[in-house]
Amino acid sequence: KTTREAHEASPQRERYDEELRPWRTAFGDVAESFADARLSLGVLRRAQMIRVLHPSGALAGVAAKQLYGIPFLVHLGYDPARLCDLRGAHVRARAWRAWLGLLARRADGLLVSAHPERWRKARVFYAPNGADPSVFRPSGKHGPPKPSTIGLYAGRDSWEKNLGVLAGQPIAFYFGAAWSTMPAAYREAAFFALPSLYEGSPKALWEAMASGVPALV
């Protein structure tokens, strides 16, 4: 993320964006990953270790390890291949499985928050998500949810979240809200809604439950 921000307004970034525009439409994260790898290597060669927050951006880590011997760690909050299968994108799912298999072999570690048993051939660090009970705590005023009260959804707006089923419901949507605002938001909500078709280990659910909010999943 820091590397991308450093190059965001540079002429080099603009040139790569122009080159990648037709490819990004067809290949999305894959094209973005190639752009980040090309832009990042000059910076990453000075790193002692690389932390990749999503496997779609791990190409720079693979390249830096191959070229400079720098170790890298990849975060896996959910399985992108499984998500593609749910959408019927089976060719893309096979591509993801191949890429994840390569990462399992090449990465110095996978940091997973769910289903560590799926990565038996990799060096896995299992770190399930949770909520800090000193921050997310009940207000003491919650009872059964009522039709006239306002619920809450917190997370991103993407296909697997299945947010269409919440249309017309009394729910406040928090997309990309500042983390510091969420404890109070949970405590004010009558209930928490998570209608996702697929999840890994959703932090928002644990935060809502720690706040004493009834969760509808």
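Residues numbered from 1 in each chain as written. Predicted model: local features only at pLDDT ≥ 70, side-chain atom pairs only at ≥ 80, totals over all residues. Heavy atoms only, no water.

Trainee: Looking at this structure, how should I read a nonpolar patch on the surface?
Mentor: Among the surface-exposed residues, Leu 86, Trp 159 and Leu 197 lie close enough to one another that they form a single nonpolar patch of about 260 Å² accessible area. Within the fold, Leu 197 resides in the loop between strand E7 (192–193) and helix H8 (203–210). (Patch = residues over 30% accessible without salt bridge, like charges linked within 9 Å, V, L, I, M, F, W, Y side chains within 5 Å. Areas by Shrake-Rupley, 256 points an atom, 1.4 Å probe, with all protein chains shown as cover. Salt bridge = Lys/Arg side-chain N within 4 Å of Asp/Glu carboxyl O. Helix = DSSP H or I, 4+ residues; strand = E, 2+ residues; numbered from the N terminus.)

Trainee: Looking at this structure, I do not really get unusual backbone geometry. What am I missing?
Mentor: Trans peptide bonds make up the majority, and among non-glycine residues the majority have a negative phi. For His 115, which is not glycine, the phi dihedral falls at a positive 55°. Checked against the element boundaries, His 115 lands in the loop between strand E3 (109–112) and strand E4 (124–126). On the basis of relative accessibility, which here comes to 32%, the residue His 115 falls in the partly exposed class. Its identity as a non-glycine residue notwithstanding, Asn 162 has a phi of 60°, on the positive side. Overall, the relative accessible area of 23% leaves Asn 162 in the partly exposed class. (Buried < 20%, exposed > 50% of the residue type's maximum accessible area, 1.4 Å probe, protein only.)

Trainee: In this structure, what is going on with the packing of aromatic side chains? I would like to understand it.
Mentor: Given two aromatic rings, one states the distance between the centres and the angle between the planes to describe the pair. Here the structure, examined in full by the defined rule, presents 6 aromatic pairs. With a centroid separation of 6.1 Å and 55° between ring planes, the pair formed by Tyr 153 and Phe 173 is classed as tilted. Highlighted residues: Tyr 153 in strand E5 (residues 151–154) and Phe 173 in strand E6 (residues 171–174), separated in sequence by 20 residues. On the basis of relative accessibility, which here comes to 35%, the residue Phe 173 falls in the partly exposed class. Feature note: the residues Phe 136, Trp 179, Tyr 186 and Phe 192 constitute an aromatic cluster, connected by ring pairs. (Phe/Tyr/Trp six-rings, centres within 6.5 Å; stacked < 30°, edge-to-face > 60°.)

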